[in-house]
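# Descriptive structure summary
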Amino acid sequence: MADENGEPTDDLVPIVLDYAHKYNLKVTFHIEPYKDRDDRSMYHNVKYIIDKYGSHPAFYRHKTSTGRLLPMFYVYDSYVTIPEIWANLLTVSGSQSIRNTPYDALFIALLVEERHKHDIHRSGFDGMYTYFATNGFSYGSSHHNWASLKAFCDSNNLMFIPSVGPGYIDTSIRPWNNHNTRNRVNGKYYETAFSAALLVRPEIISITSFNEWHEGTQIEKAVPKRTGQVVYLDYKPHKPNVYLELTQKWSEKYRKEQEQWLM
């Protein structure tokens, strides 16, 4: 299915999965809002994804604390649907319950405002993520709120997944949004975000994003480039792959620290 900004992507998924498998990566699905997204359509779409792609070796499954291996779905803008609708799908007694079926999974809601944490819990979600790469843009994306959000999640058996990013600048597509620009500070912004995430000892850290050039959050290799009026960010004076190196550095640090947490 396509949202209003794009094309259907179903035919690309096998290619992505095959290439991910080649490099020993796993793929999970980020479910954007679409027309009439509700408990029924989500059930059918999750079923479709698992039936069609669930047997692929690159399809991600997360090992839960009880030892189950479950698919994982990030649900973007989950808060636009009321908790009662989500509860139909995500609680055991719900009318469209996906729990304890072959299509059960971990469902991760987007937390933007503080009050969303109670809605997420009532809805039956398994966790929350913060998504935005702009520290201070929302309650969820503000690093100083992560400790209290993690405490709330711990006390309610939810996963807390803070999202980190290397910087943010989207004025090429949203000229009015300059106040949300965040300078990369030669990689320090990215490292500060990782450092803040590690402090709360999360089970997962998400990175927003890999290739959002129009929002200035890319971490892939970059060289100086101009097309028409648009000048793309490059990483000079650093090497083109400096953000991939920083990602590797902090991934390794995260893994080592996780080993200490679990001892």
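In this report, we go over the structure that sits alongside the text. (Residues numbered from 1 in each chain as written. Predicted model: local features only at pLDDT ≥ 70, side-chain atom pairs only at ≥ 80, totals over all residues. Heavy atoms only, no water.)

## Observations concerning the nonpolar core
Phe 73, Phe 107 and Met 128 are the most contacted members of the largest nonpolar core, which totals 53 residues. Core analysis: the next-biggest nonpolar cluster, separate from the first, contains 14 residues, Leu 70, Leu 106, Leu 110 and Met 159 among them. (Core = buried A, V, L, I, M, F, W, Y, C linked by side-chain atoms within 4.5 Å. Buried < 20%, exposed > 50% of the residue type's maximum accessible area, 1.4 Å probe, protein only.)

## Points about the packing of aromatic side chains
On inspection of all chains with the given rule, the structure shows 17 aromatic pairs. Between Tyr 76 and Tyr 131, the ring centres sit 5.0 Å apart and the planes meet at 65°, which makes this aromatic pair edge-to-face. Placement of Tyr 76 in the loop between strand E3 (69-75) and helix H3 (83-90) and of Tyr 131 in the loop between strand E5 (127-129) and helix H5 (146-155) is noted, with a sequence separation of 55 residues between them. Here Tyr 76 and Tyr 131 have matching classes, each one buried. With a centroid separation of 5.9 Å and an interplanar angle of 55°, the aromatic rings of Tyr 190 and Tyr 243 are classed as tilted. (Phe/Tyr/Trp six-rings, centres within 6.5 Å; stacked < 30°, edge-to-face > 60°. Helix = DSSP H or I, 4+ residues; strand = E, 2+ residues; numbered from the N terminus.)

## Focus on the pairing of strand E4 (residues 106-110)
Every regular strand shows the same layout, with side chains that alternate between the two sheet faces. Burial of E4 is extensive: five of the five residues sit out of reach of the surface. Across the two faces of E4 the burial is the same, with Leu 106, Ile 108 and Leu 110 and Phe 107 and Ala 109 all buried. Relative to E4, E3 is paired through four bridges, and the arrangement is parallel. Paired with Tyr 74 across the two strands is Ile 108, which belongs to E4. Regarding the hand of the β-α-β motif, the stretch spanning E3, H3 and E4 is right-handed. As paired strands, E4 and E5 are joined by three bridges and run parallel to one another. Looking across to E5, one finds that Leu 110 is bridged to Tyr 129. (Pairing = 2+ DSSP bridges. Right-handed = clockwise from strand over helix to strand, strands pointing away.)

## So, the pairing of E3
Most of E3 sits inside the fold, with six of its seven residues counted as buried. As paired elements, strand E1 (residues 29-31) and E3 share three bridges and run parallel to each other. Each residue of the ladder has a partner; that of His 30, found in E3, is Tyr 74. Of the strand pairs in this sheet, strand E2 (residues 61-63) and E3 are connected by three bridges, and their pairing is antiparallel. Pairing of Lys 63 across the sheet is with Leu 69, part of E3. In sequence, E2 turns back onto E3 through a hairpin of five residues, with Gly 67 there showing a positive phi of about 95°.

## Remarks on a nonpolar patch on the surface
There is a patch of nonpolar side chains on the surface, built from Leu 12, Ile 15, Val 16, Tyr 19, Tyr 23 and Leu 25 and spanning about 630 Å² of accessible area. Within the fold, Tyr 19 resides in helix H1 (residues 13-22). (Patch = residues over 30% accessible without salt bridge, like charges linked within 9 Å, V, L, I, M, F, W, Y side chains within 5 Å. Areas by Shrake-Rupley, 256 points an atom, 1.4 Å probe, with all protein chains shown as cover. Salt bridge = Lys/Arg side-chain N within 4 Å of Asp/Glu carboxyl O.)

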